[in-house]
Structure formats: structure tokens, C-alpha cells
Amino acid sequence: MSAAAIDVQGLNKSFGGRRVVKDVAIRVGEGRITGFLGPNGSGKTTTLRMLCGLLTPDSGGGTALGLDIIADAAEIKRQTGYMTQRFSLYEDLTVAENLMFAARVHELDRRSERVDAALEQLGLAERRAQLSGTLSGGWKQRLALAAATLHEPRLLLLDEPTAGVDPLARRTFWDEIHALAGRGLTVLVSTHYMDEAERCHDIAYIAYGELIARGTADEVIAQSQLHTWRGEGPGIDRLAREIAGKPGVEMVAPFGLALHISGTDPAALEAAIAPYRQPPLRWSPAEPTLEDVFIHLMAHARDNFQ
Ligand SMILES: Nc1ncnc2c1ncn2[C@@H]1O[C@H](COP(=O)(O)OP(=O)(O)OP(=O)(O)O)[C@@H](O)[C@H]1O
């Protein structure tokens, strides 16, 4: 792995006596894009904030950008760009005015030059005089990204950056994230979208405050040891409920006219579908999707923690 942009161990955080992050350890290479996934309220944002000096852990520690996350939190914050879940720019300022405001907040030199360059780079130049509140969701996100990266941070933290944005605008946004990472920026991004998870170099899956899966998308799928069969044929969707109750069947999900059946015990899974393996129904082994794996992880985490 490349040099570590983030290397932390044993992070814990409680709010009002409730532990929402538990012993999280994570190492992130420079220039990598790491996606944080997990159910709502599982501690993703809290973890991200602790990794880049925005929140102090109750215990544990380590480094971000080679700096101590507790002692050097102020310096880490200066080198971090943060895009929050909600659009946090001024709707009644123009695009250019918002960026100029961000430039002043960061006390940057050559403000006009930097703002012009950012507008150009993110394709916002033609909209520089448009009131930010009148931008579409996709353009707002690009403006927010421009504001978060204007001070040329080394670490970029994106909290569900494209929630509610259409697929084309999301793709453009992600192309830009990859371009930034290509220039060496380390990116931490929380998301609930599977296509975005697949566009990350690495994934960290957090449930109930614990980091329970980590690696590339392929590694996370392989670690899950999940097996999936795909069934097709007339009326197969109507079998979902019947098959779901059988031993070894952990998940049943309709995909259009097909049915995906998954479980971690391959023999039990085959036994479960055996009565239905006859024409006109057709069955074939399938690769579990990242979504299959996350739903599986979430179900198991719930069993373990609740
Ligand atoms: N400042 C705070 N004070 C009290 N409780 C908090 C605070 N910040 C977060 N929490 C609680 O900690 C838990 C974890 O929250 P966090 O925002 O980290 O989750 P998340 O995984 O990012 O959720 P989501 O996917 O919904 O954004 C939640 O139960 C939340 O209500």
C-alpha cells in the first residue's frame, strides 16, 4: 500500500453515555478513495469526523496526513476539505460570490485567480453569476465541491455528497472525485449508493459503531463467503416467500423476472432449491452483488448487537 494518509487505532466515541463508535482501526493510503457504508446511525459520520480532526475521540488515536489526530487537530482541519450532507453555501449569493466567500474564510491569497480556476475546472464558469439557490441539485453539489477544495486540501471528506442527485450528475461528480484523487488527494466518502461504493478504491462497512468489513469491493464480496443462486422462469417471483423460510436461505431478492437466493452454507442452499430445479425453472450460480453482501452484513450485525 502507498504511504498512509490515515492510520488510526482503537477509536471510541460516546454521546450521552451511548457508545456510537467502538474500537475502530483503519489505515488509508494516500490518494485512495475510501467509501464508508452502513445503516443509518451506524457511526459513519462520527468516524469520518474523528479521522480528520473535526471531532476528538474519547480514546484511541493515530495520524492523519502524518499529523496526530488529537494534538494536531487544528492543522489537520486546515488541510481538510469537508462537504456536509446538506448544501451549506449561501443560496442568495452567486456561484462566484460563494467561492470568493470560501476563499476569504480560508484566508487564501490570489483569490480571484483561484476562484476563476475552480469555476473553469468544475465547468461552472458559465454559471458564475447565477444565484446558487437557483442551481439544480447536481450543480449545487459541484459548487459545494469547488468550495470544499478551493484551499487545495490534502484530505477530502464527503458526507453523502450526491444524495438525491440524478445519475448523470452523480457520474460527473464522481469523475471529478477520481481526478482529484489522481492528483494525490485522499478522499473519504460516506454513501448509501451501491454504484458509488463500486467506484471507491476501498470500502469500509460500519454497523452499530463497529467496522465489520474492509477492502476492495471484490475483497469484501469474497470475505462475505456468500453464495448466490439465480432462478428464472415463469412465476418464480411467487416462490420467494416459500423459499425464504427454508434452512440455509439467508436472503431472497427478486431482480426483475429473476430471483436471487443467498446463504453462507452452499450445501444447505442447494438443498433448499433442489425441489424447484426442474423445467420450466432454470437455476445457475451467480456472483453475489455488493448490495447482497451489505444486506447480509447488516442482518448479521443486527443479530450480534441487538
Ligand atoms: N453530536 C451528537 N450528539 C449526540 N448524538 C449524536 C451526535 N452525533 C451523532 N450522534 C448519534 O450517534 C449515532 C451515529 O451517528 P452518525 O451520524 O455517525 O451515523 P451515520 O452512520 O453517519 O448515519 P447516517 O447514515 O444516517 O448519516 C446516531 O445515533 C446519532 O444520533
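Residues numbered from 1 in each chain as written. Predicted model: local features only at pLDDT ≥ 70, side-chain atom pairs only at ≥ 80, totals over all residues.

Draft legend 1. Representation of the overall build of the chain. The secondary structure content of the chain amounts to eleven helices and 14 strands. Along the first, second and third principal axes, the C-alpha set of the chain runs to 70 × 45 × 35 Å. Residue burial in the chain is summarised as follows: out of 306 residues, 37% are buried. Put simply, 67% of the contacts in the chain that link residues at least 6 apart link residues at least 24 apart. (Helix = DSSP H or I, 4+ residues; strand = E, 2+ residues; numbered from the N terminus. Buried ≥ 20, exposed ≤ 12 C-beta atoms within 10 Å, placed from the backbone. Contact = placed C-beta atoms within 7 Å.)

Draft legend 2. Region of the structure containing the packing of helix 3 (residues 95–105) against helix 5 (residues 137–149). One can describe the packing of helix 3 onto helix 5 by two numbers: an axis separation of 9 Å at closest approach and a directional angle of 25°. One finds that helix 3 runs roughly parallel with respect to helix 5. Seen from above, helix 3 lies across helix 5 with right-handed handedness. Where helix 3 approaches helix 5, its residues Val-95, Asn-98, Leu-99 and Ala-102 are matched on the opposing element by Leu-143, Ala-146 and Ala-147. (Axes fitted to C-alpha atoms, helices over the stretch in contact; angles between N-to-C directions. Parallel < 35°, antiparallel > 145°, perpendicular 65-115°, else oblique. Left-handed = near helix turned anticlockwise from the far one by under 90°.)

Draft legend 3. Broad picture of the nonpolar core. Among the nonpolar cores identified, the biggest contains 66 residues, and Leu-51, Ala-64, Leu-99, Ala-146, Ala-147, Val-187 and Tyr-205 are the most heavily contacted of them. The element that contributes the greatest number of residues to this core is helix 5, accounting for seven residues. Setting aside anything within four residues of it in sequence, one finds Val-187 in contact with Ile-33, Leu-156, Leu-158, Ile-177, Leu-180 and Ala-181. One finds Ile-236, Val-252, Leu-259 and Leu-269 within the second-largest nonpolar core, a separate group that totals seven residues. (Core = buried A, V, L, I, M, F, W, Y, C linked by C-beta atoms within 7 Å.)

Draft legend 4. Broad picture of the site of the ligand. Taken together, Phe-15, Gly-16, Val-20, Gly-38, Asn-40, Gly-41, Ser-42, Gly-43, Lys-44, Thr-45, Thr-46 and Ser-190 make up the full set of residues near the ligand. Among the residues making up the shell around the ligand, the classes are represented as two nonpolar, nine polar and one charged. (Near = placed C-beta within 6 Å. Nonpolar A, V, L, I, M, F, W, Y, C, P; charged D, E, K, R; others polar.)

Draft legend 5. Expanded view of the sheet that holds strand 9 (residues 202–207). Taken in spatial order, the six strands of this open sheet run 6-7-8-3-9-10, and their pairing is mixed. Either end of the sheet is taken by a strand with one partner, and the two such strands are strand 6 (80–83) and strand 10 (210–215). Looking at each pair of strands side by side, their axes are set apart by 15° on average, direction ignored. Looking at chain direction, strand 3 (residues 33–37) and strand 8 (residues 186–190) are connected through four bridges and run parallel. What sits directly across from Ile-33, in strand 8, is Val-187. Most of the contacts of helix 5 go to strand 6, to which it runs at about 155°, and overall it touches strand 6 and strand 7 (155–159). (Pairing = 2+ DSSP bridges.)

Draft legend 6. Representation of the domain arrangement of the chain within the structure. Split into domains, the chain comes out as domain 1 (4–221) and domain 2 (227–287). Placing the centre of domain 1 and that of domain 2 at their C-alpha centroids yields a distance of 39 Å. (Domains from an automatic or database assignment.)

Draft legend 7. How the structure looks around the packing of helix 5 against helix 6 (residues 167–182). The N-to-C vectors of helix 5 and helix 6 enclose an angle of 15°; their axes lie 9 Å apart at closest approach. Overall, the two elements helix 5 and helix 6 adopt an arrangement that is roughly parallel. Note that helix 5 runs across helix 6; the crossing there is right-handed. Contact residues: Gly-137, Gly-138, Gln-141, Arg-142, Leu-145 and Thr-149 in helix 5; Ala-169, Phe-173, Glu-176 and Leu-180 in helix 6.

Draft legend 8. Representation of helix 3. Within helix 3, the full set of buried residues consists of Val-95, Ala-96, Asn-98, Leu-99, Ala-102 and Ala-103. Buried residues of helix 3, seen end-on, are gathered within an arc of 160° and therefore sit on one face of the element. Residues of helix 3 that are exposed and point more than 90 degrees away from the buried face comprise Arg-104 and Val-105. Where helix 3 is buried, its residues touch helix 4 (111–121) and helix 5. (Arc of directions from axis to C-beta.)

Draft legend 9. Geometry of unusual backbone geometry. In this structure, the amide linkage connecting Pro-279 to the following residue, Pro-280, adopts the cis form with an omega of 10°. With respect to the element layout, Pro-280 can be found in the loop between helix 10 (266–273) and strand 14 (282–286). The backbone of Glu-107 shows a phi angle near 50°, a positive value even though the residue is not glycine. Within the element layout of this structure, Glu-107 appears in the loop between helix 3 and helix 4.

Draft legend 10. Spotlight on the pairing of strand 10. One ladder, built from five bridges, connects strand 9 with strand 10; its direction is antiparallel. Each bridged residue has a counterpart across the sheet, and for Ala-204 the counterpart in strand 10 is Arg-214. Counting the residues in the hairpin turn of strand 9 and strand 10 gives two residues, including Tyr-208, whose phi is positive at 50°.

Draft legend 11. Inspection of the environment of Leu-11 at higher detail. Positionally, Leu-11 belongs in strand 1 (residues 4–15). For Leu-11, a count of 26 C-beta atoms within 10 Å gives the class buried. Note: C-alpha distance between Leu-11 and Gly-60 (49 residues apart in sequence) is 4.4 Å. Contacts of Leu-11, omitting those with residues within four sequence positions, involve Val-21, Val-24, Thr-47, Met-50, Pro-57 and Gly-60.

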